[in-house]
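The lines below spell out each chain.
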Amino acid sequence: MVKLFKYIALLEGISLLLLLFFAMPMKYIYELPIYVKVIGMAHGLLFVVYVALALMLKIEEQWAIKKFVIVCIASIVPLGTLYVEKKYFKNA
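Residues numbered from 1 in each chain as written. Predicted model: local features only at pLDDT ≥ 70, side-chain atom pairs only at ≥ 80, totals over all residues. Heavy atoms only, no water.

1. As for the overall build of the protein
Spelled out, the test is: Put simply, DSSP marks the helices as runs of H or I at least four residues long and the strands as runs of E at least two long, and each gets a number from the N terminus on. To sort residues, take the accessible area from a 1.4 Å probe on protein chains only and compare it with the maximum for the residue type: under 20% means buried, over 50% means exposed, and anything in between is partly exposed. Throughout, a contact is declared for two residues whenever any of their heavy atoms are within 4.5 Å.
A count of helices and strands for the protein gives 4 helices and 0 strands. Start at the N end of the protein and walk to the C end: the helices and strands fall as α-α-α-α. Each of the three principal axes of the protein carries a C-alpha extent, and together these read 45 × 20 × 20 Å. With 92 residues in all, the protein has 34% of them scored as buried. Expressed as a percentage of contacts within the protein between residues at least 6 apart in sequence, the contacts between residues at least 24 apart total 61%.

2. A short note on the nonpolar core
Nonpolar side chains in soluble globular proteins tend to end up buried together. Using the following cut-off: In these notes, a set of buried Ala, Val, Leu, Ile, Met, Phe, Trp, Tyr and Cys residues joined through side-chain atoms within 4.5 Å is what counts as a nonpolar core.
In terms of nonpolar packing, the biggest core is built from 16 residues, with Phe5, Tyr50, Ala54, Trp63, Val71, Val84 and Phe89 touching the most fellow members. Top element by residues in this core is helix α2 (residues 34-61). It accounts for 5 residues. Each residue touching Val84, except ones within four places of it in the same chain, is listed here: Tyr50, Ile70, Val71, Ala74 and Phe89.

3. Section: helix α3 (residues 65-74)
Filter applied, for reference: In this description, the arc belongs to the directions extending from the helix axis to the C-beta atoms.
Along α3, the positions that sit buried rather than exposed are Phe68, Val71, Cys72 and Ala74. An end-on view of α3 places all buried positions within 160° of arc, on one side of the element. Facing away from the buried surface of α3 by more than 90 degrees, the exposed residues are Ile65 and Lys66. As for α3, its buried residues are in contact with α1 (2-30), α2 and α4 (80-89).

4. Description of the packing of aromatic side chains
Working definition: an aromatic ring pair is given by the centre-to-centre distance plus the angle between the planes. Definition in use: Classification of ring pairs uses Phe, Tyr and Trp, with its six-membered ring standing for Trp, and accepts pairs whose centres are within 6.5 Å; under 30 degrees between planes counts as stacked, over 60 as edge-to-face, and the remaining range as tilted.
Applying the stated criterion across every chain yields a total of 5 aromatic pairs. A ring pair is formed by Phe22 and Tyr35, whose centres lie 5.0 Å apart and whose planes are at 75°; its orientation type is edge-to-face. Of this pair, Phe22 sits in helix α1 while Tyr35 is found in helix α2, placing the two residues 13 residues apart along the sequence. On the basis of relative accessibility, which here comes to 32%, the residue Phe22 falls in the partly exposed class. Relative accessible area serves as the criterion here: at 32%, Tyr35 is assigned to the partly exposed category. Taken together, the ring pairs connect Phe5, Tyr50, Trp63 and Phe89 into an aromatic cluster.

5. Points about the pattern of salt bridges
Put simply, the rule is: Put simply, a salt bridge is a Lys or Arg side-chain nitrogen that is within 4 Å of an Asp or Glu carboxyl oxygen.
In total, this model carries 1 salt bridge according to the counting rule given. The closest approach of N and O atoms between Lys6 and Glu85, which form a salt bridge, is 3.5 Å. Of this pair, Lys6 sits in helix α1 while Glu85 sits in helix α4, and the two are 79 residues apart along the sequence. The pair Lys6 / Glu85 is uniform in exposure class, with both members buried.

Next up, the structure:
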């Protein structure tokens, strides 16, 4: 399950970057909101899967609450999931 979590963390991080640095400028500069709808939907789905997997791993591997909170907060910070993946899961 850790391998799946790492993969989802990578995708979630990339989707957030795409949303912030591609889709949002396309919406507000070029008035093309379709990118926000498509990338936003993908990012939202990946976010939900990321948090669900984090919760499942917390229970399965008996994470401390601090680690779980850091992993969840990382999902809302650009490049946060990539940082968490390197810090906590580099050996997995």
